[in-house]
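# Results of the structural survey
This is what each chain is made of:
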Amino acid sequence: MGFLDNIILGFQVCLSPTNFLFCLVGVTLGTLVGVLPGIGPMGCIAILFPATFKMEATTGIIMMAGIWYGAMYGGSTSSILVNIPGEAASVVTCLDGYQMARQGRAGPALGISAMGSFIAGTLSVIGLMVVAVPLATVALRFGPPEYFAVMCAGVVIVTYLARGSTLKALMMAAVGIILANTGLDLITGLPRFTFGFEELTDGIKLASVVMGLFGISEVFINLETTIKTDIYKTKYSNLWPSLKDWANSIGAILRGTAIGFGLGSLPGVGSITSSFVSYAVEKKVSKHPERFGKGAIEGVAGPESANNAATGGNLISLIALGIPSNALLALLYSSLIVHGIQPGPLFIKGHPDIFWGLIASMYLGNVLLVVLNLPLIAIWVKVLKIPYHILFPLILLFCLIGVYSLDGSTFDLYIMLIFGVLGYLMRKFGYEAAPLVLTFVLTPQLEAHLRRSLTLSDGSFAIFFTRPIAAGVLSFAFLLLLSNFLPYLKKGLKKQEAFADEEDG
Amino acid sequence: MRNLDRISSLFWLFFSIFILLESIHVGIGRLQKPQAGFMAFGGSMLLGMLSAALFVQTFFRKEQADTPGFSIPLWGRVLVVLISLVVYIILFEKLGYLIDTFLLMIFLLSSLKELKWGWILVSSFLITFLSYYMFTKGLGCQFPYGLFGF
């Protein structure tokens, strides 16, 4: 099939009444959770994750992707109007977006953010189409050692980019590996780490883990703080940016798109990093960097474009290599696995309807989001006013129903609560949940590839260093990891030198 | 943060030792033929070493100023909500979805802020029935009926 045939197939799939409806549901929910502080796209996808098991694989993935990029659109609304980012990738939008609102320019800020998101989202989908197919062809040459190496590199990049300590992020990655070992052994079929609980024979369910770590713990954290949503009273009727605004923003939008897509395609780099890098670049290239932080429209257009473009880039490693590069994609990955579909090099050829349906739905979703976000802005402003004491019981209820609906087991609900408490304590103690979820999802494959590689090499780890791709990728991961600990090593050496000098003296 | 790191690193260290022993019990096999406990053994070794490194690091690191902590009065809110969720799960199959969820919603809606009772009752009723309808009819989920048969 040619490129055009594939696109037509994609639109046929996504324009079917059910898929269209769930695309709309996805982008609407995405905008909603993007707008609302206190629940992000991860929490929302986690809550709806079990519901996707009862849908067709294509419908489920279209809805989940819709929530994801919809949240990127919605996040900017609360950043601009309330100075509270609805989701983490919109943090940087607060800097200039809120200042624009204070100057009575909330309309153009919201407008350029939606239009920038639309342009970036659309261009990144084109990039995804262009890059994913050839990359999948290359990945067909991968064997178990190469897959093991790429997965290890993905985990290392996620821990490298962790907001807090790399050491703690690595610890969480190890915890994810341990937790994923619960249940039947993949190769021998023997139960392990079930501690006498029959319910653990199938392993710890991903839904219980993610809803606990992201849904329940998020509520617990928010219960400790009072989220105030004082909306800055300003006009947001004139949403279309002026020609001058466009002239100032178009470069930022295109640069933001390139940055978002480029960085997003690297495993582990997501929308948050892309938006920050875009902001820094805009400030650097601007002739008037002093305007940044005081209401520069480029400071809104660049990061908002970057965080949307990153979604397309992020999908590359999932679709072409079968490796989710962040916790959110891990859910998309698991949703496909549940339906018996393995993302990876054979995915595009084996399931063209899902791949091209997803691509077309992203085009469609971007159009729907502009319609939802610009003319209906007044509704989202009202949504922003929903107080948290009304919102949190609903979030908790959806978490409970979501997990129970999987197997009708109250045991899974207890597991979810345990992870809720663990997630809450992890945040208090400065640990990130994303590396844990990523390794939890990847471990079955990681283990299978490691064991297969060792069996192939008769127990020699040299197999990872004699094959060029595996050796290259693992060396890169090792150097990356080392670069994180380099400052500590340097400090240690300096101290030793100073100590030696003192002794000599 | 230093004290919190010391506590958490010790927790993960003991956890890793426990898993390490358990994985040996399950069987780690040989490199030529890894067994069921192989991966968990590797994971627990890694966790153990990293936790020990974090523990040691706390003795050489300067304390940072911006350390998050536990605010006792608000931490109480978390505990109350957690207990209510545990009670909800315990009673879930005994009382059935409708009654149990209705009671949970009343409790949660009234837990953070004083609201009018009429509003709380109507909202709880609507949330319970709409969620029940959406999940049973829309998504085909099955919920327990409980003692009263509904």
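Residues numbered from 1 in each chain as written. Chains lettered and ligands numbered in written order. Predicted model: local features only at pLDDT ≥ 70, side-chain atom pairs only at ≥ 80, totals over all residues. Heavy atoms only, no water.

### Considering the overall build of chain B
Which entries qualify depends on this criterion: We count a stretch as a helix when DSSP gives it H or I for four or more residues in a row; a strand needs E for two or more, and each element gets its number in order from the N terminus. Working definition: with a 1.4 Å probe on protein chains only, accessible area under 20% of the residue-type maximum means buried, over 50% means exposed, and in between means partly exposed. We call two residues in contact when some of their heavy atoms are within 4.5 Å. Reported accessibility uses the Shrake-Rupley method at a 1.4 Å probe radius. Residues are deemed covered only where the shown protein chains occlude them.
If you tally the helices and strands in chain B, you get five helices and zero strands. Expressed as a percentage of its 150 residues, the buried residues of chain B come to 37%. Restricting the contact set of chain B to residue pairs at least 6 apart, pairs at least 24 apart contribute 55%. Put simply, chain B shows about 8,700 Å² of open surface, and 71% of that area lies on carbon and sulfur atoms.

### Brief notes about the overall build of chain A
Stated precisely, the cut-off is as follows: This radius of gyration counts C-alpha atoms alone. The globule rule is 2.2 Å times how many residues there are, raised to the power 0.38.
Of regular secondary structure, chain A possesses 21 helices and two strands. Its C-alpha atoms give chain A a radius of gyration of 23 Å, near enough to 23 Å, the size a compact globule of 505 residues would have. Projecting the C-alpha coordinates of chain A onto the three principal axes gives extents of approximately 75 × 70 × 50 Å. Looking at chain A as a whole, 63% of its 505 residues are labelled buried. Considering only residue pairs separated by 6 or more positions, chain A has 78% of its internal contacts joining residues 24 or more positions apart. Just so you have it, chain A exposes about 18,800 Å², and 67% of that area is on carbon and sulfur atoms.

### Notes on the nonpolar core
All names here are of chain A. Short version of the rule: To form a nonpolar core, buried Ala, Val, Leu, Ile, Met, Phe, Trp, Tyr and Cys residues must be joined to one another through side-chain atoms within 4.5 Å.
Counting 166 residues, the largest nonpolar core has L213, F220, L315, L331 and V437 as the members making the most contacts within it. Here this core gets 15 residues from one element, more than from any other, and that element is helix α4 (residues 57-82). Sequence-distant contacts of L213, that is, excluding residues within four places in its chain, are made with F419, G420, G423, M426, R427, A433, L436 and V437. Judged by nonpolar contacts, the second largest core, of 25 residues, contains M151, V155, V158 and L450.

### Description of the packing of aromatic side chains
Just so we agree on the cut-off: Stacked, tilted and edge-to-face are the three classes assigned to paired rings of Phe, Tyr and Trp, where Trp is represented by its six-membered ring and a pair needs centres within 6.5 Å; plane angles under 30 degrees give stacked, over 60 edge-to-face, the rest tilted. In this analysis the charged atom, NZ for Lys or CZ for Arg, is taken to sit over a ring once it is within 6 Å of the ring centre and within 35 degrees of the ring normal.
Counting across every chain of the model gives 24 aromatic pairs over all chains. Aromatic pair F55 of chain B and F59 of chain B: ring centres 5.3 Å apart, planes at 80°, arrangement edge-to-face. Of this pair, F55 of chain B and F59 of chain B both sit in helix α2 (residues 38-60), four residues apart, which is roughly one turn of that helix. Among the aromatic residues, ring-to-ring pairing joins Y404 of chain A together with Y88, F92, Y97, Y132 and F143 of chain B into one connected group. One Lys or Arg, R6 of chain B, reaches over the ring of F59 of chain B and ends 4.2 Å from the middle of that ring.

### Some remarks on a nonpolar patch on the surface
Residues and elements named next belong to chain A. Rules: Patch criteria: residues need more than 30% relative accessible area and no salt bridge. Like-charged residues are merged within 9 Å; nonpolar side chains of Val, Leu, Ile, Met, Phe, Trp and Tyr are merged within 5 Å. By salt bridge we mean one thing: a side-chain nitrogen of Lys or Arg within 4 Å of a carboxyl oxygen of Asp or Glu.
There is a patch of nonpolar side chains on the surface, built from L123, I126, V130, V131, I250 and L254 and spanning about 460 Å² of accessible area. Among the elements of the structure, α6 (106-139) and α10 (243-264) are those that each provide at least two residues to the nonpolar patch. No other element matches α6, which puts four residues into the nonpolar patch. One can find I250 in helix α10.

### Concerning the pattern of salt bridges
Residue and element names in this part refer to chain A. The final tally for this structure, using the stated rule, is 12 salt bridges over all chains. For R105, the salt bridge is made with D245, and the minimal N-O distance between the two is 3.1 Å. Taken together, the positions of R105 in the loop between α5 (93-102) and α6 and D245 in helix α10 put the pair 140 residues apart, joining distant regions of the chain. Owing to a relative accessible area of 28%, R105 belongs among the partly exposed residues under this scheme. Notably, a salt bridge pairs R427 with E218, separated by 3.3 Å at the nearest N-O pair. With R427 in helix α18 (residues 410-428) and E218 in helix α9 (residues 206-224), this residue pair connects regions lying 209 residues apart in the sequence. For R427, a relative accessible area of 31% translates into the label partly exposed.

### Focus on the confidence of the model for chain B
Put simply, the test is: Confidence of the predictor at the level of single residues is given by pLDDT, which spans 0 to 100.
In this model, chain B carries a mean pLDDT of 86, and residues with pLDDT of at least 70 account for 89%. Across the assembled chains, the prediction reports ipTM 0.91 with pTM 0.79.

### Details of the packing of α6 of chain A against helix α12 (residues 298-321) of chain A
Residues and elements named next belong to chain A. The following threshold applies: With axes taken as lines fitted to C-alpha atoms, and helix axes fitted only over the stretch in contact, angles between N-to-C directions fall between 0 and 180 degrees. Put simply, angles under 35 degrees are roughly parallel, angles over 145 are roughly antiparallel, angles from 65 to 115 are roughly perpendicular, and the rest are oblique. Left-handed describes a crossing whose near helix is turned anticlockwise from the far helix through less than a right angle; right-handed describes the clockwise counterpart.
Where α6 contacts α12, the two axes come as close as 7 Å, and the packing angle between them is 20°. Judged on the interaxial angle alone, α12 and α6 are roughly parallel. Every pair of crossing elements has a handedness; the one defined by α6 and α12 is right-handed.

### Focus: the side chain of S453 of chain A
When you line up the elements, S453 of chain A lands in helix α19 (residues 434-456). Beyond its immediate stretch of four places on either side in the chain, S453 of chain A contacts P144, P145, I463 and F464 of chain A.

### Quick word on helix α13 (residues 327-338) of chain A
Residue and element names in this part refer to chain A. Just so we agree on the cut-off: In this scheme, a helix's expected span is set at 1.5 Å multiplied by one less than its residue total.
The end-to-end C-alpha separation of α13 is 17 Å, in line with the 16 Å expected for 12 residues at 1.5 Å each. Within α13, 10 of the 12 residues are buried, which leaves it mostly tucked inside the rest of the structure. Of all the positions in α13, only A327, L328, L329, A330, L331, L332, Y333, S334, S335 and L336 are classed as buried. Positive phi shows up at G340, right after α13, with a value of about 75°.

### Remarks on the side chain of S9 of chain B
Checked against the element boundaries, S9 of chain B lands in helix α1 (residues 2-26). Take S9 of chain B: its relative accessible area is 1%, and that puts it in the buried class. In contact with S9 of chain B, other than residues within four places in its own chain, are Y431 of chain A together with S51, L54 and F55 of chain B.

### What about α5 of chain A?
Counted residue by residue, α5 of chain A has seven buried out of 10 residues, so it is predominantly covered. Along its buried surface, α5 of chain A packs onto α4, α6, α11 (271-285) and α12 of chain A.

### Here we look at the packing of helix α1 (residues 3-14) of chain A against helix α15 (residues 352-373) of chain A
Residues and elements named next belong to chain A. Selection criterion: Gly is put with the polar residues, along with every residue not named as nonpolar or charged; the nonpolar set is Ala, Val, Leu, Ile, Met, Phe, Trp, Tyr, Cys and Pro, and the charged set is Asp, Glu, Lys and Arg.
At a minimum axis distance of 7 Å, the contact between α1 and α15 shows a crossing angle of 75°. By the angle between their axes, α1 is roughly perpendicular relative to α15. Contact residues: F3, N6, I7, L9, G10, F11, V13 and C14 in α1; P352, D353, W356, G357, A360, S361, Y363 and L364 in α15. For the contact of α1 with α15, the class distribution of residues is 11 nonpolar, four polar and one charged.

### Here's the deal with the interface of chain A and chain B
Size of an interface: often given as the accessible area lost when the parts come together. We count it as follows: Accessible surface is computed with a 1.4 Å probe, and the buried area is the amount of it that two parts give up when combined, taken over both parts together. Polar contacts, as counted here, are pairs of nitrogen or oxygen atoms within 3.5 Å of one another; within protein the pair requires one atom able to donate a hydrogen and one able to accept it, and residues that are adjacent in sequence qualify only if both atoms are side-chain atoms.
Contacts between the two partners involve 56 residues from chain A, matched on the other side by 66 residues from chain B. In total, about 5,700 Å² of surface goes out of reach between chain A and chain B, with carbon and sulfur atoms giving 80% of it. Here chain A is connected to chain B by one salt bridge. K168 of chain A is paired through a salt bridge with D5 of chain B; the nearest N and O atoms lie 2.6 Å apart. Applying the counting criterion to the chain A and chain B interface returns five residue pairs in polar contact (both at pLDDT 80 or more). Elements with a contribution of two residues or more to the side of chain A that touches chain B: α8 (166-180), α9, α17 (388-407), α18 and α19 of chain A. When residues of the side of chain A that touches chain B are assigned to their parent elements, the largest contribution, 12 residues, is made by α17 of chain A.

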